[in-house]
Number of protein chains: 2
Amino acid sequence: MLSDIALRDILSFHVGGELVELRDQAVQHVKVSPDAEARVVDLNGHYVNGQIYAQHFRLSRPAAAFPVLFWHGGAMTGVTWETTPDQRPGWSSIFLRSGYDVVVSDAVERGRASWSPWPHIYDSPPLFRTMEDAWHLFRIGPKAGFHQDPALRRAFDHQRFPVNAFDQLCAQFVPRWTTNTALSVAAYLKLVARFDKVIIVAHSQGGWFAQRIAAAIPEKIAAVVLIEPAGAPAMEKMAIEAAARVPHLYVWGDHCDDNAAWIPYKSDAVAQAERLIRAGGTADIIDLPTLGIRGNSHMPMMDDNSHEIAGMVLDWLARQNRVETAHEGDRATV
Amino acid sequence: MLSDIALRDILSFHVGGELVELRDQAVQHVKVSPDAEARVVDLNGHYVNGQIYAQHFRLSRPAAAFPVLFWHGGAMTGVTWETTPDQRPGWSSIFLRSGYDVVVSDAVERGRASWSPWPHIYDSPPLFRTMEDAWHLFRIGPKAGFHQDPALRRAFDHQRFPVNAFDQLCAQFVPRWTTNTALSVAAYLKLVARFDKVIIVAHSQGGWFAQRIAAAIPEKIAAVVLIEPAGAPAMEKMAIEAAARVPHLYVWGDHCDDNAAWIPYKSDAVAQAERLIRAGGTADIIDLPTLGIRGNSHMPMMDDNSHEIAGMVLDWLARQNRVETAHEGDRATV
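Residues numbered from 1 in each chain as written. Chains lettered and ligands numbered in written order. Predicted model: local features only at pLDDT ≥ 70, side-chain atom pairs only at ≥ 80, totals over all residues.

1. Things to note about the overall build of chain A
Inference 1: In terms of helices and strands, chain A carries eight helices and ten strands.
Inference 2: The C-alpha extent of chain A, read off along each of the three principal axes, is 65 × 50 × 45 Å.
Inference 3: Per-residue burial over chain A gives 53% buried out of 334 residues.
Inference 4: Counted over contacts in chain A with a minimum sequence separation of 6, partners at least 24 positions apart contribute 74%. (Helix = DSSP H or I, 4+ residues; strand = E, 2+ residues; numbered from the N terminus. Buried ≥ 20, exposed ≤ 12 C-beta atoms within 10 Å, placed from the backbone. Contact = placed C-beta atoms within 7 Å.)

In C-alpha cells form, the structure reads like this:
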C-alpha cells in the first residue's frame, strides 16, 4: 500500500524562448474544423520559440532542502519519469513520496514545450525514433530481435525492462532535432534560475545538458545524477574545475560494452568523471553489472528494479545533502 | 490560503494508436550529440501513431462520483487546464480541490502525445498558430491590436484575459494538423473506455470531439461541458437522440458576435443545443455577456474570473450529478 502524496500545489509554466517572426508564407484557406467552412490560415507572424515546459509538484511538507529537476533524454519527454510503461509508480512519484519537491520538464522541441517550423525557424528537419532503433539503442535486445509482432520479439536474457510494455514506451517517443543545442542550454539555464538551488536527475541526452549546466552555474546545483548520460560535453579546464564543485553520480545499466553507440558514450562519460575527481570533485559511479545486478536497459527508471535503483540514488543524494547542509545550511524557498 | 491536494497517486499513460511502418527512407549519418561522432540514423521502421497522452490525478478521498476529463482545443495541449498564464491555479487544480478526480490529456499530434512524419504517415503538413492569429481568434483584442512589443498592444476594453501574460499563453501553442480527425476520435474513445463513466470538460476544438464522443457512447458520459466549442459535428437524427441522453452545458465569452470565425461556430453550436432540447435532452447555456459578465476571451479558464466561471460549471455539474445519482446510484471505480 503506497502512501498518499500531499501537495501544496501543482504549478506548471513555460520558461525561456523568445519571439521570432515568420514572413513571406503563402496565405492558405483550410477547413480547420471538419464540419465548418474553410477559413484563412496565415502562418506569417510571430511565434514563441525555444521554451521549456515544466510541471512543479510542491509537497505540503517537503523533507528535502532542494527540489529535484528531472530532465529526459533525446526523442523523449518528461513522461520518462512518470508512471512506468507497465504502470508502476515512476521516479517522480517515488521522489515525491521520499520528501522531494519534483519538477518534470519537457525540453525545447519536445512534448508540451512545442516546436517551430523548419527550414524557416529551425535549421534542420526532425529525426524520428523507430521502434527498431529503440530496441537496439535502449539495449532491450539484439538488433535483429525486434519484430512488429510482440510475440516474436527476442530480448536479451534476464532483461529487466518490461518487454511486454515496449509499445507503451514507443508511444512516448517524440521527434527531435540536432540543431537546437544552444537554444536548449539557454532555456535550461532559465529553468534553473527560477529556483534557489536544485538537484538535477538527468537521463541520456539530458545528462549532456545537466553536465553543461553544472559547469556553468555550479553555485545553483546541489548535485547531478546522470542516468546513462549520452557522453560528456567537451570542457576546458576552468569548466571542469567549476563542475567539480558539484557532486556527480553516474548510473549505468547492462550491455553498454557491446553496443557501438554506448561504447563511446560511456567511455567519454567515465573519462569526464576521472577529470572531475582529479579536479578535487566527487564523481561516483553505480555500475549495476559490476554490482552483480544484470539485465538493466537504457531505461533503469522503467526497469523491473526501478524502485531499487531509485533507492540507491536517494541514498547517495542523502549523503550529499548531509555534506551540503553542513557546509551551507541554507534551504531552498521557491 | 488554498487547501492541500491529497492524492492517492498520479498515473500517466498513452492510449490508442497503432503500429505503422515507414520504408524507403535514405539512411543518414547525423551528429546526434554535439561532442560525439556522427552515427547512423535510419528512419525506416515502425512507429506508434495516433496515441493520446493522459495524466490522471486520483484523490485520496474523491467527493465526486465520476472523474473529469479535460480536453483542450486546437493547437494547444493539456496545459490549457493547468496553472493560468499569470500563475493562478488552473481548472485542473480547482476541480481537484472541489473533490473531482481529474484526467488532463494531450490529443493526438499534440504535446506529449507526439506526432508522425508527413507526407509519409500524416496526409498533410502542420499548421502553426501565430500570436497575431491568437490575438484575434481568441478575442483578446482587435485584429490590428497585436504588436510584438507588449507595451504597444491594444486589447479590448475590460478584457479579462491577463493580457500581460499573453506571451506565456503563446508559449503553450503547438502545431496542429487538420487531417487526423478519425485517428483522434478513435483515441478519445479508447481513453473514455478506460473508465466506467466520465464527465468531459472540453474547450474549442476539443468540444467538437466531446460532442462526437457523447453521441457515440452516451452510456459512458455523465455530462459534457463545452467551453466555447468550435462548432458542432454534423449528426444524423439517431446521433442527436443518443447525445440527448447526456446533459450538455455550453459556456460563451464576450465578442463572439463580431468575429468572423466565431459567428458560425457559435450559431452551429446553438443550433445543436436546440436539437438536443427538441430530442428531450438537457442543453444549458451560460452566455456570460447575457449575464452581464463582459470581457471574457476564448480562454475563460485563464481569464481573471476563471475561478468564478469554474464555480458556475461546478454548480451545474452538481445539479446533473444529483439527477444522475438518483437515476443510477452507481459510482465510478477506475
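Having seen the structure, we can now continue with the description.
2. Let's talk about the interface of chain A and chain B
Inference 1: Contacts between chain A and chain B engage 73 residues on the former and 73 residues on the latter.
Inference 2: Elements that contribute at least two residues to the side of chain A that touches chain B include exactly strand 1 (5-22), strand 3 (39-41), strand 4 (45-59), helix 2 (131-137), helix 3 (166-170), helix 5 (205-216) and helix 7 (262-278) of chain A.
Inference 3: Broken down by element, the residue count for the side of chain A that touches chain B peaks at twelve residues, all from strand 1 of chain A.
Inference 4: Tallied by class, residues from the side of chain A that touches chain B come to 36 nonpolar, 23 polar and 14 charged. (Nonpolar A, V, L, I, M, F, W, Y, C, P; charged D, E, K, R; others polar.)

3. A few points about unusual backbone geometry
Inference 1: Each neighbour pair has its own omega, and for tryptophan 118 of chain A with proline 119 of chain A the value is 0°, a cis peptide bond.
Inference 2: Tracing the sequence through the fold places proline 119 of chain A in the loop between strand 6 (102-106) and helix 2.
Inference 3: Look at histidine 255 of chain A: it is not a glycine, yet its phi comes out positive at around 65°.
Inference 4: Within the secondary structure, histidine 255 of chain A is located in the loop between strand 9 (248-252) and helix 7.
Inference 5: Phi is positive for glutamine 87 of chain B, close to 70°, though the residue is something other than glycine.
Inference 6: Following the sequence through the fold, glutamine 87 of chain B ends up in the loop between strand 5 (68-71) and helix 1 (91-97).

4. Quick look at the packing of helix 4 (residues 181-193) of chain B against helix 5 (residues 205-216) of chain B
All names here are of chain B.
Inference 1: It is the contact of helix 4 with helix 5, at a shortest axis distance of 10 Å, that shows an interaxial angle of 60°. Classified by the interaxial angle, the pair formed by helix 4 and helix 5 is oblique. The hand of the helix 4/helix 5 crossing is right-handed. Listed contacts from helix 5 to Ser184, Val185, Tyr188, Leu189 and Val192 of helix 4 are Phe209, Arg212, Ile213 and Ala216.
Inference 2: Split into classes, the residues belonging to the contact of helix 4 with helix 5 amount to seven nonpolar, one polar and one charged. (Axes fitted to C-alpha atoms, helices over the stretch in contact; angles between N-to-C directions. Parallel < 35°, antiparallel > 145°, perpendicular 65-115°, else oblique. Left-handed = near helix turned anticlockwise from the far one by under 90°.)

5. Side note on the relation of the copies chain A and chain B
Inference 1: For the pair chain A and chain B, the superposition axis carries a translation of 0.0 Å, the fit reaches an RMSD of 0.0 Å, and the rotation angle comes to 180°. The superposition of one copy onto the other is thereby described by a two-fold rotation axis.
Inference 2: Here 100% of the contact residues of chain A are again contact residues in chain B; the copies associate through an equivalent surface. (Least-squares fit on C-alpha atoms with pLDDT ≥ 70 in both.)

6. Brief notes about the pairing of strand 8 (residues 221-227) of chain A
Residues and elements named next belong to chain A.
Inference 1: Counting buried positions along strand 8 yields seven of seven residues, so the element is predominantly enclosed.
Inference 2: When strand 7 (residues 198-203) meets strand 8, the two strands line up parallel, connected through six bridges. What sits directly across from isoleucine 200, in strand 8, is valine 224.
Inference 3: After leaving strand 7, the chain enters helix 5 and then returns to the sheet as strand 8, a path that is right-handed. (Pairing = 2+ DSSP bridges. Right-handed = clockwise from strand over helix to strand, strands pointing away.)

7. Let's talk about the environment of isoleucine 227 of chain A
Residue and element names in this part refer to chain A.
Inference 1: Within the element layout of this structure, isoleucine 227 appears in strand 8.
Inference 2: For isoleucine 227, a count of 29 C-beta atoms within 10 Å translates into the label buried.
Inference 3: For the pair formed by isoleucine 227 and valine 201, sequence separation is 26 residues and the distance between their alpha carbons is 7.3 Å.

8. Notes on helix 7 (residues 262-278) of chain B
All names here are of chain B.
Inference 1: Between its first and last C-alpha, helix 7 extends 24 Å over 17 residues, near the 24 Å set by a 1.5 Å rise per residue.
Inference 2: When helix 7 is considered as a whole, its buried residues turn out to be Trp262, Tyr265, Lys266, Asp268, Ala269, Gln272, Ala273 and Leu276. Summarising the axial view, the buried residues of helix 7 lie within an arc of 160°, below the 170-degree limit, and thus occupy one face. Across helix 7 from its buried face, at more than 90 degrees, point the exposed residues Ile263, Ala271, Glu274 and Arg278.
Inference 3: Looking at the buried positions of helix 7, the neighbouring elements they touch are helix 6 (237-243), strand 9 (248-252) and strand 10 (283-287).
Inference 4: Backbone geometry just downstream of helix 7 places glycine 280 in the positive-phi region, at approximately 95°. (Expected span 1.5 Å × (residues − 1). Arc of directions from axis to C-beta.)

9. As for the environment of methionine 76 of chain A
Residues and elements named next belong to chain A.
Inference 1: Structurally, the position occupied by methionine 76 is in the loop between strand 5 (68-71) and helix 1 (91-97).
Inference 2: By C-beta crowding, methionine 76 is classed as buried, having 27 other C-beta atoms within 10 Å.
Inference 3: For methionine 76 and valine 174, which are 98 residues apart along the polypeptide, the C-alpha to C-alpha distance reads 5.6 Å.

10. Focus: the pairing of strand 10 of chain B
Residue and element names in this part refer to chain B.
Inference 1: Pairing of strand 9 with strand 10 involves five bridges; the strand directions are parallel. Along strand 10, the bridge assignment pairs leucine 249 with aspartate 284.
Inference 2: On the question of chirality, the crossover connecting strand 9 to the parallel strand 10 by way of helix 7 is right-handed.

11. Section: the nonpolar core
Inference 1: With 198 residues, the main nonpolar core has Ile200 of chain A together with Ile200 of chain B as its most contacted residues.
Inference 2: With residues near it in sequence (within four places) discarded, isoleucine 200 of chain A still touches Leu69, Trp71, Ala210, Ile213, Ile221 and Val224 of chain A. (Core = buried A, V, L, I, M, F, W, Y, C linked by C-beta atoms within 7 Å.)

12. A few points about helix 4 (residues 181-193) of chain A
Residues and elements named next belong to chain A.
Inference 1: Along its 13 residues, helix 4 runs 18 Å from first to last C-alpha, staying within 8% of the 18 Å computed at 1.5 Å per residue.
Inference 2: Looking at helix 4, one finds that the buried residues are Leu183, Ser184, Ala187, Tyr188, Leu191 and Val192. The buried residues of helix 4 occupy one face: seen down the axis, they fall within an arc of 165°. Away from its buried face by more than 90 degrees, helix 4 exposes Ala182 and Ala193.

13. Regarding the environment of proline 142 of chain B
Inference 1: The residue proline 142 of chain B is located in the loop between helix 2 (131-137) and helix 3 (166-170) in this model.
Inference 2: Looking at proline 142 of chain B, the number of C-beta atoms within 10 Å reads 14, which means it is partly exposed.

14. Considering the confidence of the model for chain A
Residues and elements named next belong to chain A.
Inference 1: Taken residue by residue, chain A gives an average pLDDT of 94. The fraction at 70 or more is 96%.
Inference 2: Taken together, the stretch residues 324-334 has pLDDT below 50 and engages in twelve contacts with residues farther than four places along the chain or on a different chain.
Inference 3: Among the scores for the predicted complex, ipTM is 0.95 and pTM is 0.95. (pLDDT = per-residue confidence, 0-100.)

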